[in-house]
Amino acid sequence: MVEVAPVRDEAEEQLSLDAFLETWPHESYGLPEVQAFKASLLDHADLLARENGAVLGCGFVALFPGLPESPRVMLTVPPRNRGRGAGTALYSAISDWARERGLDTLEAVVPDNEPESLAFAERRGFVEDRREKGVALDLAAIEPPVVQPPPGVEIVTWADRAELVRGMFEVSVEASPDVPGYEDEEHRSFEAWLEHDMQGPGDRPEGTFVAVAGGEVVGYAKLSFSTTTATSAYHDLTAVKRAWRGRGIARALKAAQIAWAKANGYEQLQTQNDERNEPIRRLNAEFGYAPAIGRIYLRGPLA
């Protein structure tokens, strides 16, 4: 019989993360990133499904501060453990968790290369809402791009110009609602944004690039790093103020990221963008990013 219970300590947190990474082997997270992510949430549940003491899979449900009525769910059961009821048991437990909080709809996330996972969700009434396309850049296969900001714009790092942080926040507040898939998310306060988006275990000021014009921050681009690998990094956010778009600032910021990553020994850069985000997807293609695993977001009922 499958039993589901919340993780009780750090050792069980690691068991949950291990099940996730076995199911999503293209991802790379360490426990420090997971714990920092949990600390940024309004509420969450991290569950383990076991049979006779052996872990079959895990389930995670999160309520984000900017989306308090939209619980996001990941059920991760490694292929070797499927067909034994773990996914169904986790779905039922997460539904109970949501129901206790007065919620009646779940947002589920599945990899776009996992038709079995998609079918599991669709059989339970989940319907596709949106997709994020994955891409990756092989840094060994390219020469570092030339960083060419438009006249009057300078590209610096946050590490070199720590005083620019308030301007970066203003860019994030203005640009984040324009990112497809995040239109309805309420932005964090400055203090919460700084703590959870900019100063987590995967954040490094030297990997955050800022576009400055006449003392004004007009854009920035941030890389995120894993505590488990020093060869791959992830594009977190590339944002430019509306009045400054169309001038090549995003291109210069991305070129700076690529050149820095290559110079610092990284082998690959990864990112995922909503399929409706044509400008950034076109820019990635021009820099040579190749298709990689993406995500499908679905909405559906409680069990």
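Use the structure listed above.
A brief look at the structure comes next. The structure presented is a predicted model; accordingly, all values stated were derived computationally and were not measured.

Scoring rules and cut-offs
Residues numbered from 1 in each chain as written. Predicted model: local features only at pLDDT ≥ 70, side-chain atom pairs only at ≥ 80, totals over all residues. Heavy atoms only, no water. Phe/Tyr/Trp six-rings, centres within 6.5 Å; stacked < 30°, edge-to-face > 60°. Helix = DSSP H or I, 4+ residues; strand = E, 2+ residues; numbered from the N terminus. Lys NZ or Arg CZ within 6 Å of the ring centre and 35° of its normal. Salt bridge = Lys/Arg side-chain N within 4 Å of Asp/Glu carboxyl O. Buried < 20%, exposed > 50% of the residue type's maximum accessible area, 1.4 Å probe, protein only. Pairing = 2+ DSSP bridges. Axes fitted to C-alpha atoms, helices over the stretch in contact; angles between N-to-C directions. Contact = heavy atoms within 4.5 Å. Core = buried A, V, L, I, M, F, W, Y, C linked by side-chain atoms within 4.5 Å.

Each aromatic ring pair is summarised here by two numbers: the centre-to-centre distance and the angle between the ring planes. For the coordinates displayed, the defined rule picks out 12 aromatic pairs. Taking the centre distance of 6.0 Å and the plane angle of 35° together, the rings of F37 and F60 count as tilted. On the criterion of sequence distance, the pair formed by F37 in helix α2 (residues 31-39) and F60 in strand β3 (residues 54-64) is long-range, its members being 23 residues apart. When the ring centre of F120 is taken as origin, the NZ or CZ atom of R124, which lies over that ring, is 3.6 Å away. The ring of Y297 carries R130 above its face, with NZ or CZ at 3.9 Å from the centroid.

Turning our attention to unusual backbone geometry. The phi dihedral of N52 falls on the positive side, at around 55°, and the residue is not glycine. Relative to the helices and strands, N52 is located in the loop between β2 (43-51) and β3.

Under the definition given, this model contains 30 salt bridges. D43 is the partner of R101 in a salt bridge, and the nearest nitrogen-oxygen pair spans 2.7 Å. Residue R101 is located in the loop between α3 (86-100) and β5 (105-111), and its partner D43 is located in strand β2; the two are separated by 58 residues in the primary sequence. With relative accessibility at 34%, the residue R101 sits in the partly exposed group. Linked by salt bridges that have partners in common, R130, E132, E183, D274 and R276 make up one network.

Taken in spatial order, the 12 strands line up as β1-β2-β3-β4-β5-β12-β6-β11-β10-β9-β8-β7 in an open sheet, and their pairing is mixed. Single-partner strands in this sheet number two, and they are β1 (2-6) and β7 (153-157). Averaged over all neighbouring strand pairs, the angle between strand axes comes to 25°, with direction disregarded. Pairing analysis gives 3 bridges linking strand β10 (residues 232-240) to strand β11 (residues 268-274), with the strands arranged parallel. The partner of Y234 across the bridge, within β11, is Q270. Helix-sheet contacts for helix α1 (residues 10-23) involve β1, β2, β3 and β4 (67-76), and the interaxial angle to β2 is about 80°. Taken strand by strand, helix α7 (residues 249-263) contacts β6 (127-138), β7, β8 (203-213), β9 (216-225), β10 and β11, and its axis lies near 150° from that of β8.

Membership of the largest hydrophobic core comes to 28 residues, with the highest contact counts inside it found for L139, I249, I258 and L269. The set of elements that each furnish at least two residues to this core consists of β6, β8, β9, β10, α7 and α8 (278-287). The greatest single-element share of this core, amounting to 7 residues, is contributed by α7. Once you skip the residues sitting within four places of it in the chain, I258 turns out to touch L137, L139, I142, P145, L269, F287 and Y289. With 26 residues, the next largest nonpolar core counts L47, A98, L118 and F126 among its residues.

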